[in-house]
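# Structure at a glance
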Amino acid sequence: QVQLVESGGGLVQAGASLRLSCAASGRTFSRYAMGWLRQAPGKEREFVAGISKNGAITTYADSVKGRFTISRDNAKNTVYLQMNSLKVEDTAVYYCAADENSFYGPRIPSEYDYWGQGTQVTVSS
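Residues numbered from 1 in each chain as written. Predicted model: local features only at pLDDT ≥ 70, side-chain atom pairs only at ≥ 80, totals over all residues. Heavy atoms only, no water.

## Observations regarding the overall build of the chain
Each helix and strand counted, the chain has 0 helices and 11 strands in total. By the compact-globule yardstick of 14 Å for 125 residues, the chain fits well, its C-alpha radius of gyration being 13 Å. Each of the three principal axes of the chain carries a C-alpha extent, and together these read 40 × 25 × 25 Å. Scored against the burial criterion, the 125 residues of the chain give a buried share of 44%. Excluding contacts between residues fewer than 6 apart, the proportion of contacts in the chain whose partners are at least 24 apart in sequence is 60%. When the accessible surface of the chain is split by element, carbon and sulfur atoms take 47% of a total near 6,100 Å². Of the charged side chains in the chain, 13 are positive and 11 negative, and the gap between their average positions amounts to 5 Å. (Helix = DSSP H or I, 4+ residues; strand = E, 2+ residues; numbered from the N terminus. Rg over C-alpha atoms; globule rule 2.2 N^0.38 Å. Buried < 20%, exposed > 50% of the residue type's maximum accessible area, 1.4 Å probe, protein only. Contact = heavy atoms within 4.5 Å. Areas by Shrake-Rupley, 256 points an atom, 1.4 Å probe, with all protein chains shown as cover. Lys, Arg positive; Asp, Glu negative; His and termini not counted. Charge placed at Lys NZ, Arg CZ, Asp CG, Glu CD.)

## So, the state of the cysteines
Per the counting criterion, the structure on display carries 1 disulfide. What pairs with Cys 22 in a disulfide is Cys 96, and their sulfur atoms sit 1.9 Å apart. Judged by the sign of its S-S torsion, about 40°, the cystine formed by Cys 22 and Cys 96 is right-handed. One end of the pair, Cys 22, is in strand β3 (residues 18–26); the other, Cys 96, is in strand β9 (residues 92–99), with 74 residues separating them in the sequence. A relative accessible area of 0% means that Cys 96 is categorised as buried. (Disulfide = S-S within 2.5 Å.)

## A look at the pairing of strand β4 (residues 33–39)
Residues in a regular strand point their side chains to alternate faces of the sheet. Burial runs high along β4: 6 of the 7 residues are buried. The pairing of β4 with β9 spans 7 bridges and is antiparallel. Within β9, the position partnered with Arg 38 by the bridge is Tyr 94. The pairing of β4 with strand β5 (residues 46–51) spans 5 bridges and is classified as antiparallel. Residue pairing across strands places Trp 36 opposite Ala 49, the latter belonging to β5. (Pairing = 2+ DSSP bridges.)

## As for the packing of aromatic side chains
What the rule picks out here adds up to 4 aromatic pairs. For the ring pair Tyr 95 and Trp 115, a centre distance of 6.1 Å and an interplane angle of 80° mean the geometry is edge-to-face. Separated by 20 residues along the polypeptide, Tyr 95 in strand β9 and Trp 115 in strand β10 (residues 114–115) bring together distant segments of the chain. We classify Tyr 95 as buried; its relative accessible area is 13%. (Phe/Tyr/Trp six-rings, centres within 6.5 Å; stacked < 30°, edge-to-face > 60°.)

## Brief notes about the sheet that holds strand β1 (residues 2–7)
Within the open sheet, the 4 strands sit side by side as β1-β3-β8-β7. Their pairing is antiparallel. What marks the edges here is a single partner per strand, and that holds for β1 and β7 (68–73). Strand-to-strand, the axes of this sheet are offset by a mean angle of 15°, without reference to chain direction. Note that β3 and strand β8 (residues 78–83) share 6 bridges and pair antiparallel. Looking at β8, one finds that Ala 23 is bridged to Thr 78. (Axes fitted to C-alpha atoms, helices over the stretch in contact; angles between N-to-C directions.)

Encoded structure:
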């Protein structure tokens, strides 16, 4: 199995940028497609971005396309989420997750095998 630890969250103003990191340990990181998902208060967990095992293919939710960028460094066992032009509606707990069976990070949260503990991102107006 793989253990995931997120970092980089915080409180920022609308329009600012943040970079989230997710460090993996355990089994070989490149075995897993990775995703970033988020959950706002009172809402269901939702897909944000996914990346293939080799980093060549990325996918995004429509709500973040053009503002967020997912990337990974398999040598450092880390996946990143660069978030630019943040909006108030981006406020949520952000989770990274790993899936061994898919080619790139699934859009359905229940398809992920492993999860981090989450990091809070708060965007103020």
